[in-house]
Number of protein chains: 2
Amino acid sequence: MSTEGPRWDAQVAVVGTGLVGTSIALAAVAAGARVLLYDVDPDRLAFAVDRAAGVPAPGLAALAAADLTVVAVPPERVGAAAVELLNAGTSVVTHVASVQHRPQGDVEASGADLARFCGGHPIAGRERSGPAHADPGLFRDRAWVVCPTTTTAAGTVAVVEALVAACGARPVRMGAAEHDALLARLSHAPQLVASALSASLVGLTGELAALAGSGMRDTTRIADSEPDLWAQIIESNREPVAAALQGAIAPLIGLADLLRADAPAADVDLAVRRLMEAGRAGRALLPGKHGRAPVQAAEVHVVVPDRPGALADLLRTIADRGVNLEDLRVEHAPGQPSGVAELVVAPASQQALVSALRAHGWSAVAGDVTAL
Amino acid sequence: MSTEGPRWDAQVAVVGTGLVGTSIALAAVAAGARVLLYDVDPDRLAFAVDRAAGVPAPGLAALAAADLTVVAVPPERVGAAAVELLNAGTSVVTHVASVQHRPQGDVEASGADLARFCGGHPIAGRERSGPAHADPGLFRDRAWVVCPTTTTAAGTVAVVEALVAACGARPVRMGAAEHDALLARLSHAPQLVASALSASLVGLTGELAALAGSGMRDTTRIADSEPDLWAQIIESNREPVAAALQGAIAPLIGLADLLRADAPAADVDLAVRRLMEAGRAGRALLPGKHGRAPVQAAEVHVVVPDRPGALADLLRTIADRGVNLEDLRVEHAPGQPSGVAELVVAPASQQALVSALRAHGWSAVAGDVTAL
């Protein structure tokens, strides 16, 4: 990608050429590193090589020459692979799994050299997989958690963070247990909650389910994720996921009880308000665009006819006004021949944009001003 | 809006000029009806009148002349308002609340004339409110549940369905209890689940919460909804919401128990897979674009620089190829100076579009092919 900046004069080995492994390899190549690739699946390896992600390693033993070996295999196999590599004399071993404590424990229990081991987790999850989607920019400006053990050598951490830098990511150091507890709250429990909510629709006819609005669709979007990968992640992070699930559903259990008890309406009202106010407070913690603190942003809603080019025309009209979109979502509700574009702009631009769009014949209304 | 089609020669009264009431009034005016408006808030009433949504009624008594009176007040006041209007001699009374059984029960219990009462619920919920966002097209091609009681007169239902038609919506008849149980699953429980999940973040620092990805943001989007309105909806639909919550969280309680028990890894793995497969089955029930059965759709991901006009340029390139976008989402991840546009196109267009975009200098990759 970037050919500016200093070249990274390193030899990097990548074990596992799926989406994450191949993306890392592509970024390392772009940064100037020589990259050795290894995969148990020869077709997948060939695909990554064809994408110029590196050269194939003749065998695992050849990886010992690398300055850094990245283990990018399915979560349940990370620990064993790291142990095997460390024992084979590989200089520094990192990995990229969504769980950290279990593989670190595997390495500790094996007696392998922990000084050369440092787990990592690039936060760039998407609901897709496979080397076809690999992208050297996948981690650019993303956080990449780096989890040194208490006996990891400083030089080991430095090499891992050089890889993070080569991928354009931002290293965030924390302990393995802290990482796992955090990701259980930010990612693992939300995945299960979305799946359970979506699963609760099973049994409805399609005709009745068709009455669901966009809220249900957004809330369950990640329920389309890959069961195989997630089963491994959840099983590898049992207690933190159980605690995060419990934290998320405890208020719902309490509310369901209250709804079924003969509680006064005022008590139910208060309980719902408290839950929703806490929900809004939680939302306000989520990052805004560019990792800034949340800022006020204003919505403008525009009806977009369902024909090629309509959205381009709309965005050209907006660009011609010099208005920068903070965010954009286009929604097609069931049965609608036209969509609604939800534009998010700076509050100061909202009214002028609505007026300008109307002057150009668009059906536009001002929407809410909210924290972005 | 539409000046085609037959004019609707009716006198319609709308009580409550918020988002839904004003939108209905605007649609009725556009269809040819004479519309009387009433609101306890004179400023809000004036705003609706200024938007040409109708003429102000001199008082509630004046509404007796209308062929149909639409009660569009907050859910907890719907029953009382309907009773008052029926007893004042209003010919036909409907409402637009997200709950049906409670207001219907209020009317039954009052002894008012049920033959002239028929509840309704246009399914067009958004996380916004107020007459500023009113739109005569808000209900176009949406479902509108119509809930006659066993003693509602056929003529009453016909007038209500004429309003539904005037708004461009599609009437879906069902009983009040059936409606409430369905909406508890499709809307009320999802709202509370999203709020509870989001509330579980409270206590994290912004720095740690910044590690959340787009999955968490989508899953909790509706947690920004209005607590006041939702407290009324939930309190008015107690048992169905409790049942829907229980249905959604029961598998999570079971899974948390299993994770904490000394269960074999294979058992945990199976439980997670089963939950996620059920989640995918639930997703497949949700409506696709235009209310069609779900179709296969292919994603194309494109990096979009953060400057005015970049997205317009991209969409122009796509439109010039004659490719119609099924859906579009633009995502700005934390700290990213550029966004990623997720385009959804027909699978047959995917590879050609990726090639064309690359030829035009865009960084594009093929994404997953999924059910839309």
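Provided above is the structure to which this section pertains.
Please read all numbers here as calculations on a predicted model, not as lab measurements.

The rules behind the values
Residues numbered from 1 in each chain as written. Chains lettered and ligands numbered in written order. Predicted model: local features only at pLDDT ≥ 70, side-chain atom pairs only at ≥ 80, totals over all residues. Heavy atoms only, no water. Helix = DSSP H or I, 4+ residues; strand = E, 2+ residues; numbered from the N terminus. Buried < 20%, exposed > 50% of the residue type's maximum accessible area, 1.4 Å probe, protein only. Contact = heavy atoms within 4.5 Å. Areas by Shrake-Rupley, 256 points an atom, 1.4 Å probe, with all protein chains shown as cover. Lys, Arg positive; Asp, Glu negative; His and termini not counted. Charge placed at Lys NZ, Arg CZ, Asp CG, Glu CD. Least-squares fit on C-alpha atoms with pLDDT ≥ 70 in both. Axes fitted to C-alpha atoms, helices over the stretch in contact; angles between N-to-C directions. Parallel < 35°, antiparallel > 145°, perpendicular 65-115°, else oblique. Left-handed = near helix turned anticlockwise from the far one by under 90°. Nonpolar A, V, L, I, M, F, W, Y, C, P; charged D, E, K, R; others polar. Pairing = 2+ DSSP bridges. Buried area = accessible area lost by both parts, 1.4 Å probe. Salt bridge = Lys/Arg side-chain N within 4 Å of Asp/Glu carboxyl O. Polar contact = N/O pair within 3.5 Å; in protein donor to acceptor, adjacent residues only side chain to side chain.

Participant: Sorry if this is basic, but what is going on with the overall build of chain A here?
Facilitator: Of regular secondary structure, chain A possesses 13 helices and twelve strands. Taken along its principal axes, the extent of the C-alpha atoms in chain A is 65 × 60 × 40 Å. Evaluated residue by residue, chain A yields a buried proportion of 58% over its 372 residues. At a minimum sequence separation of 6, the contacts of chain A that also span at least 24 residues come to 68%. Approximately 13,700 Å² of chain A is accessible, and the part contributed by carbon and sulfur atoms is 55%. Averaging the locations of the 29 positively and 39 negatively charged side chains of chain A gives two centres separated by 5 Å.

Participant: Which parts of the structure should I look at to understand the relation of the copies chain B and chain A?
Facilitator: Both copies of the chain are tied together by a single rotation about an axis and a shift running along it. Superposing chain B onto chain A takes a rotation of 180 degrees plus a shift of 0.0 Å along the axis, which leaves an RMSD of 0.2 Å. Taken together, the rotation angle and the small translation identify this as a two-fold axis. For chain B, the minimum C-alpha distance to the rotation axis belongs to Thr219(B) and amounts to 1.9 Å.

Participant: Hey, could you run me through the side chain of Ser198(A) in this one?
Facilitator: Position of Ser198(A) among the secondary structure elements: in helix α6 (residues 176-199). Excluding residues that lie within four positions of it along the chain, Ser198(A) makes contacts with Thr220(A), Ala223(A), Ala278(B), Gly279(B), Gly282(B) and Arg283(B).

Participant: Any chance you could explain the packing of helix α3 (residues 75-87) of chain A against helix α4 (residues 101-110) of chain A here in plain terms?
Facilitator: How two helices sit against one another is set out by the angle between their axes and by the gap between those axes. All names here are of chain A. For the pair α3 and α4, interaxial distance at closest approach is 8 Å and the crossing angle is 40 degrees. Judged by the inter-axis angle, α3 sits oblique to α4. In the crossing of α3 with α4, the sense of the turn from one axis to the other is right-handed. Across the interface between the two elements, Val 78, Gly 79, Ala 82, Val 83 and Leu 86 from α3 touch Pro 103, Asp 106, Val 107 and Ser 110 from α4. Class assignment of the residues belonging to the contact of α3 with α4 gives a composition of six nonpolar, two polar and one charged.

Participant: Quick question: what am I supposed to make of the environment of Trp230(B) here?
Facilitator: When you line up the elements, Trp230(B) lands in helix α9 (residues 227-235). Its relative accessible area of 11% is what places Trp230(B) among the buried residues. Sequence-wise, Trp230(B) and Leu311(B) are 81 residues apart; in three dimensions their C-alpha atoms are separated by 36 Å. Setting aside chain neighbours within four positions, we find Trp230(B) in contact with Val272(A), Met276(A), Ser187(B), His188(B), Gln191(B) and Ser225(B).

Participant: How do you make sense of the sheet that holds strand β5 (residues 93-95) of chain B when you look at a structure like this?
Facilitator: Each strand in a sheet pairs with another by means of backbone hydrogen bonds, the pair being arranged parallel or else antiparallel. All names here are of chain B. What the five strands build is an open sheet, ordered β3-β2-β1-β4-β5; its pairing is parallel. In the strand order of this sheet, the two ends are held by β3 (55-56) and β5, each with one partner. On the sheet, helix α1 (residues 19-31) packs against β1 (11-15), β2 (34-38) and β4 (68-71) and is oriented at approximately 160 degrees with respect to β2. Where helix α2 (residues 42-50) meets the sheet, it contacts β2 and β3, and its direction lies at approximately 160 degrees from that of β2.

Participant: How should I be thinking about the sheet that holds strand β1 (residues 11-15) of chain A in this particular structure?
Facilitator: Residues and elements named next belong to chain A. Strand order in the open sheet formed by five strands is β3-β2-β1-β4-β5, and the pairing between neighbours is parallel. Every interior strand has two partners, whereas the edge strands, β3 (55-56) and β5 (93-95), have only one. Bridge count for strand β4 (residues 68-71) against β5 is three bridges, and the pairing is parallel. Residue Val 71 lies in a different strand from β5, and its bridge partner there is His 95.

Participant: Mind showing me how you'd approach the interface of chain B and chain A here?
Facilitator: A common way to express how large an interface is: the accessible area buried when the components associate. With 134 residues of chain B at the contact, the number on the chain A side is 133 residues. Between chain B and chain A, the buried area comes to about 12,200 Å², and carbon and sulfur atoms account for 60% of it. Put simply, Asp313(A) and Arg316(B) hold a salt bridge, and the shortest N to O gap is 2.6 Å. For the pair chain B and chain A, the interface holds 32 residue pairs in polar contact (both at pLDDT 80 or more). Here the side of chain B that touches chain A takes 18 residues from helix α10 (residues 238-260) of chain B, the largest share from any one element.

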